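Reading the structure
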Amino acid sequence: MNTSHTAKPVTARRSNALKGNVRIPGDKSISHRSFMFGALASGKTYVNGLLEGEDVLNTGRAMQAMGAFIQKEKDTWVIQGTGNGCLLQANQPLYFGNAGTGVRLTMGLVSTYDMETTFVGDASLSKRPMERILEPLRLMGVQVKAAQGSRLPITLHGPRVAAPLIYRVPMASAQVKSAVLLAGLNTPGITTVIESVMTRDHTERMLYSFGADIEVETPISGERIIRLVGQKSLKGQVIDVPGDPSSASFLLVAALLIPESDIVIHNVLVSPARAGIFLTLQEMGADIRFLDERITGGENVADLHVRTSYLKGINIPPERAPSMIDEYPVLSIAAAFAEGKTIMTGIEELRVKESDRIAAVAAGLKANNIFCTEGIDYLIIEGRPEGKNSGGGIVTTHLDHRIAMSFLVMGLASQHEVTIDDASMIATSFPQFINLMTELGANFA
C-alpha cells in the first residue's frame, strides 16, 4: 500500500459564467455496493457508469482479495462473484485508503464469516471512530480487536455461526443500517433493523434487485422495519449507476452563484432519500428544473437544468439531514452568498466524517470573511449576497475531499480568490472535478 502524500494547493478565482451540458461520475454509494453485491452473487455482474475514484476502487480491491474476480472490459466492469457465504480469508490486511463507506460496509459484510480480517486505511480514515459499526457486530458474536477509540487498524473474527439480531439503530446512519444487513447475509434466520428516520436506502433496493429475501415495513409509528432472511443466494445483475447527487451539488451550487451561468447536468440520481439538497436549494430560491424524470434500475433519475439565482437564507429542518448529510459543506457555500441567515440543525453526524466537517466549514468560512456560529449539532451562516468582500483566505482541508471542492466553488464566486491547502484527495470521489469545471468555464490556478 502507498501511504505517502504530497499536498497540492489550488486557487479558485472569480469566474465567468458557467455554460454547457455535462455528465458527472456515477453515484459513490451505489458504486461501492455494486462491487460488494457483485462479489457475493452467483454468476456475473456487469456495472456501467461506476465511479472510478480511489474510494470505490479500494472497495473493489478488497473484494478481489477475498476471492471475487473483477476486471474492466471497455467501459463496463465485470464481476464474477464467489456466491453468498463463500468469501475467502484475505492473506493480508484490507486497505481502504480514505473510504469510510467502503470500510464500514465491508466490516459488516465479512464479520459473520468464521475467519480473521484486518482493516487499515490512510491517516484520515485511521482517525475516524468505528464503534457505532462494531457495537451491533459484537452482539452477533463477532470478536473485535481495535486501536484506541475503536479506530483502525481493526481486526474482526467472526463466530462459527452468527446470531441473528433485532437492532434499533440509535442514530440516523445508512452505514450502520447497511453494515448490520450485510452481516445478516451470512447469518441464519432473520436479521431485523429498525430505524426511526429513513436514511439512504440503496442497500435495501440493491439487495432486493440481487434476489435477497428482504422486506421493508413502515408501520403507523413511522419507523422503518427491515427484515432480511440470511444465507440466501444472490444472482448477478446488470447495473447502470446514475450520476452522484453529491458530486452534482458542487456544479449546481457553482452555477447558482456565478452570474449568468446556465448548465444542464445529465443523469443525476434524485431518489427521495438523496434529494434533500435539491429541495433545500429550491426553497432558498434556486432555479433548478428536473428534466426527463425517469426510473433506472429502481432509482429515480433526472437531468438538472440550473441557472444563476438570487438565494435567501432559510431554516433547514433537522429531519432532512439524512437525505443530504454529505452536501452540507457545499450547501454552506450557497448559504454564504444568500441574503440573511441560514440555520442548519441536527447535523452532528458531520462531526465524524472524513474530518469534523462542522468545524472545518466554520473555519473556512471565517477565513474568507463570512460570519458563522457553530455548535455541537448546528451551524448558522450569515450570507453576503453576490459574494461582496468574501474570499481572500487559505482553507485547511483536513484531507477531506468535500471541504476541498466546496471552498474551490466558493472562490469561483467570491470577490477575492480562495486557496485550499490541498486538492489531491479530490481523487477519492470526483477525480474529474477540476477538469470538468474548467471545461464549463471555471477559473482555477
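Note that the structure is a prediction, hence the values are computed from the model and not measured.

**Details of the overall build of the protein**
A tally of regular secondary structure across the protein gives 12 helices and 24 strands. Here the protein has a C-alpha radius of gyration of 21 Å; the compact-globule value for 445 residues is 22 Å, and the two agree. Out of the 445 residues belonging to the protein, those deemed buried represent 58%. Taking the intrachain contacts of the protein between residues at least 6 apart in sequence as the baseline, contacts between residues at least 24 apart amount to 76%.

**Re the side chain of Ser-249**
Relative to the helices and strands, Ser-249 is located in helix 7 (residues 245-257). Once residues within four sequence positions are removed from consideration, Ser-249 is found in contact with Ile-277, Glu-327 and Val-330.

**Regarding the pattern of salt bridges**
Applying the stated criterion across every chain yields a total of 31 salt bridges. Lys-72 serves as the salt-bridge partner of Glu-52, at 2.6 Å between the closest nitrogen and oxygen. In this pair, Glu-52 is assigned in the loop between strand 3 (44-48) and helix 2 (54-65) and Lys-72 in strand 4 (residues 69-73), connecting sequence segments 20 residues apart. We classify Glu-52 as partly exposed; its relative accessible area is 34%.

**A look at unusual backbone geometry**
Cis geometry is found at the peptide bond from Leu-152 to Pro-153, where omega equals 0 degrees. Looking at the secondary structure, you find Pro-153 in strand 9 (residues 151-157). Of note in this structure, His-398 is not a glycine but carries a positive phi near 55 degrees. Within the secondary structure, His-398 sits in the loop between strand 22 (394-395) and helix 11 (401-413). His-398 gets classed as partly exposed once you look at its relative accessible area, which sits at 44%.

**Examining the packing of aromatic side chains**
For the structure on display, the rule yields 7 aromatic pairs. With a centroid separation of 5.9 Å and an interplanar angle of 70 degrees, the aromatic rings of Phe-37 and Phe-210 are classed as edge-to-face. In this pair, Phe-37 is assigned in helix 1 (residues 28-40) and Phe-210 in the loop between helix 6 (202-209) and strand 12 (213-217), connecting sequence segments 173 residues apart. Classification of Phe-210 by relative accessible area gives buried; the value is 1%. Geometrically, the ring pair formed by Phe-433 and Phe-444 is tilted, given 6.2 Å between the ring centres and 45 degrees between the ring planes. In this pair, Phe-433 sits in helix 12 (residues 433-440) while Phe-444 sits in strand 24 (residues 443-444), placing the two residues 11 residues apart along the sequence. According to the relative accessible area criterion, Phe-444 is buried, its value standing at 17%.

**Some remarks on the packing of helix 11 against helix 12**
The contact between helix 11 and helix 12 brings their axes to 12 Å, and the two run at 20 degrees. Between helix 11 and helix 12, the angle falls in the class roughly parallel. Pair helix 11 / helix 12 crosses with right-handed handedness. Here helix 11 contributes Met-405, Leu-408, Val-409 and Leu-412 to the contact with helix 12, which in turn contributes Phe-433, Ile-434 and Met-437. Considering only residue class, the contact of helix 11 with helix 12 consists of 7 nonpolar, no polar and no charged.

**Focus: the nonpolar core**
Ranked by size, the top nonpolar core spans 78 residues in total, and within it Leu-251, Ile-265, Leu-281, Tyr-328, Leu-331, Leu-365 and Phe-433 carry the most contacts. With residues near it in sequence (within four places) discarded, Leu-251 still touches Val-22, Ile-24, Ile-263, Ile-265, Phe-430, Leu-436, Met-437 and Leu-440. Leu-57, Ala-90, Tyr-167 and Ile-239 belong to the second-largest nonpolar core, a separate cluster that totals 64 residues.

**A short note on the sheet that holds strand 19 (residues 341-345)**
Sheet architecture is open: 4 strands sit in the order 18-19-21-20, paired in mixed fashion. Of all strands in the sheet, those with a lone pairing partner are strand 18 (315-316) and strand 20 (372-375), marking the two edges. With 5 bridges connecting them, strand 19 and strand 21 (residues 378-382) associate as antiparallel partners. Bridge pairing in strand 21 links Thr-345 to Tyr-378.

Calculation notes
- Residues numbered from 1 in each chain as written.
- Predicted model: local features only at pLDDT ≥ 70, side-chain atom pairs only at ≥ 80, totals over all residues.
- Heavy atoms only, no water.
- Helix = DSSP H or I, 4+ residues; strand = E, 2+ residues; numbered from the N terminus.
- Rg over C-alpha atoms; globule rule 2.2 N^0.38 Å.
- Buried < 20%, exposed > 50% of the residue type's maximum accessible area, 1.4 Å probe, protein only.
- Contact = heavy atoms within 4.5 Å.
- Salt bridge = Lys/Arg side-chain N within 4 Å of Asp/Glu carboxyl O.
- Phe/Tyr/Trp six-rings, centres within 6.5 Å; stacked < 30°, edge-to-face > 60°.
- Axes fitted to C-alpha atoms, helices over the stretch in contact; angles between N-to-C directions.
- Parallel < 35°, antiparallel > 145°, perpendicular 65-115°, else oblique.
- Left-handed = near helix turned anticlockwise from the far one by under 90°.
- Nonpolar A, V, L, I, M, F, W, Y, C, P; charged D, E, K, R; others polar.
- Core = buried A, V, L, I, M, F, W, Y, C linked by side-chain atoms within 4.5 Å.
- Pairing = 2+ DSSP bridges.

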